[in-house]
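# Analysis of the macromolecular model
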Amino acid sequence: MLEAATPMKTAEASDALPEPARKGDAEKRGRKASKEVRRVQLIEATIDSLAKRGYAETTMADVADGAGLSRGIVNFHFESKEKLLIATLQHMYDEYSAHWRTALQKAGDDPARQLQQLVWADFDRSICNKRKLAAWLAFWGEAKSRPTYQALSSSRDAYYQQVFIDLCTTLKHSGSYAYEPQVMALALSAMLEGLWLRLMMGTEDTTRETALQAANAFLAAAFPKHYG
């Protein structure tokens, strides 16, 4: 029978490694962490440049300067502007997805609370700010002519929309509403996207606070038995 390794034996084995080997492992972990840090630095600098200059005017040089890194570092990590922008869009989707999933989880098992938290999450300052809204707008302007962007967003958008459909279905049954769940979910998504667009465009009468008030008014009108 094979003897299972105990924590003590594992520690002893680790201690038995020569000092250069342990140092080498630490250096590898450090290089990996450093690589990820550099990638995030460059992606954040790309978001800054998109917000400031727009899609067409953003260059690898702008990103390098914004990150305080050499242009060679940008080329090493991403090779081209297109790969850098795809990584940036992926990063933004990952951040947005993690944000709304966390909000959904914190809402507990009440579907009305879940839907409310999803709507509120869209106007959280960490997600809904001028810098990131401008970057989203830059990507949305390019999506129609770039299949890679469409492919990246379509599956994520479809899953997110299905969550809305499922919640609208549950609320319809519990509130005896007459709407069609898919239609209501589409209206809800269009409302949120429209408010984001108004915020992106800098419409004078639309702030993050008034946009949230409008979203709450929509919930109260569409689901009066749950938010009245």
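Residues numbered from 1 in each chain as written. Predicted model: local features only at pLDDT ≥ 70, side-chain atom pairs only at ≥ 80, totals over all residues. Heavy atoms only, no water.

Per an unreviewed UniProt entry, the recorded name for the protein chain is Transcriptional regulator BetI, and the organism is Mesorhizobium montanum.

Where the residue is not glycine, phi is negative for most of them; where a peptide bond is considered, it is trans in most cases. Although it is not a glycine, Glu79 sits at a positive phi angle of roughly 70°. In this structure, Glu79 sits in the loop between helix H4 (71-78) and helix H5 (81-106). Of the residues examined, Glu79 reaches a relative accessible area of 56% and is grouped as exposed. Here the phi dihedral of Ser176 falls at roughly 55°; this positive angle occurs in a residue that is not glycine. (Helix = DSSP H or I, 4+ residues; strand = E, 2+ residues; numbered from the N terminus. Buried < 20%, exposed > 50% of the residue type's maximum accessible area, 1.4 Å probe, protein only.)

Turning to empty space enclosed by the protein, a few remarks are in order. Scanning the model with the defined rule gives one cavity of 30 Å³ or more in all. Approximately 30 Å³ is the volume attributed to the largest cavity. For the lining of the largest cavity, the secondary structure elements donating two or more residues are H5 and helix H7 (130-143). A breakdown of the residues in the lining of the largest cavity according to their chemical character gives four nonpolar, no polar and two charged. (1 Å grid on protein atoms, 1.4 Å probe; cavity = no way out; pocket = protein on both sides within 12 Å on 5 of 7 lines; lining within 4 Å. Points joined across faces, edges and corners; volume = space filled by probe spheres on them. Nonpolar A, V, L, I, M, F, W, Y, C, P; charged D, E, K, R; others polar.)

Moving on to the side chain of Ser189. In this structure, Ser189 sits in helix H9 (residues 181-201). Using a relative accessible area of 8% as the deciding quantity, one classes Ser189 as buried. Discounting residues that sit within four places of it in the chain, Ser189 has contacts with Gln161 and Phe164. (Contact = heavy atoms within 4.5 Å.)

As a further point, take the pattern of salt bridges. Considering all chains together, one arrives at nine salt bridges under this definition. The shortest N-O distance in the salt bridge between Asp62 and Arg53 comes to 3.6 Å. A relative accessible area of 35% places Arg53 in the partly exposed class. Between Glu82 and Arg146 there is a salt bridge, with its nearest N and O atoms 3.4 Å apart. Of this pair, Glu82 sits in helix H5 while Arg146 sits in the loop between H7 and helix H8 (147-175), and the two are 64 residues apart along the sequence. Accessibility expressed as a relative area gives 27% for Glu82, which makes it partly exposed. (Salt bridge = Lys/Arg side-chain N within 4 Å of Asp/Glu carboxyl O.)

For any two helices packed against each other, one specifies the inter-axial angle together with the distance between the axes. Contact geometry of H5 with helix H6 (residues 111-121) gives a least axis separation of 8 Å together with a crossing angle of 150°. Judged by the inter-axis angle, H5 sits roughly antiparallel to H6. Crossing geometry of H5 relative to H6 is assigned as right-handed. Residues His99, Trp100, Ala103 and Leu104 of H5 form the contact with H6, whose participating residues are Gln114, Gln117, Leu118 and Ala121. Broken down by class, the residue content of the contact of H5 with H6 amounts to five nonpolar, three polar and no charged. (Axes fitted to C-alpha atoms, helices over the stretch in contact; angles between N-to-C directions. Parallel < 35°, antiparallel > 145°, perpendicular 65-115°, else oblique. Left-handed = near helix turned anticlockwise from the far one by under 90°.)

Attention shifts here to H5. With 26 residues, H5 extends 38 Å from end C-alpha to end C-alpha; this agrees with the ideal 38 Å at 1.5 Å per step. Along H5, the residues classified as buried are Leu84, Leu85, Ala87, Thr88, Leu89, Met92, Tyr93, Tyr96, Ser97, His99, Trp100 and Ala103. (Expected span 1.5 Å × (residues − 1).)

Tracing the chain through its elements places Asp62 in helix H3 (residues 60-67). For Asp62, a relative accessible area of 18% corresponds to the buried category. Among the polar contacts listed, one links the side chain of Asp62 to the side chain of Thr59, at a separation of 2.9 Å. (Polar contact = N/O pair within 3.5 Å; in protein donor to acceptor, adjacent residues only side chain to side chain.)

With that settled, the discussion passes to the layout of surface pockets. Each pocket or cavity is described by its volume, and for the largest pocket that value is around 600 Å³. In this structure, the largest pocket is lined by 23 residues; those nearest its centre are Tyr93, Tyr96, Trp140, Asp157 and Glu193. For the lining of the largest pocket, the elements supplying multiple residues, two or more each, are H5, H7, H8 and H9. Considering each element in turn, the lining of the largest pocket owes the most residues, eight residues, to H8. Taken together, the residues that form the lining of the largest pocket break down as 14 nonpolar, four polar and five charged. A volume near 220 Å³ is recorded for the second largest pocket.

The next subject is the UniProt feature "DNA-binding region" (unreviewed entry) in the protein chain. Per the UniProt record, "DNA-binding region" (unreviewed entry) is found at residues 59-78. With 80% helix and 0% strand, residues 59-78 has its two end C-alpha atoms placed 13 Å apart. (UniProt positions renumbered as here; feature names shortened; annotations may be inferred.)

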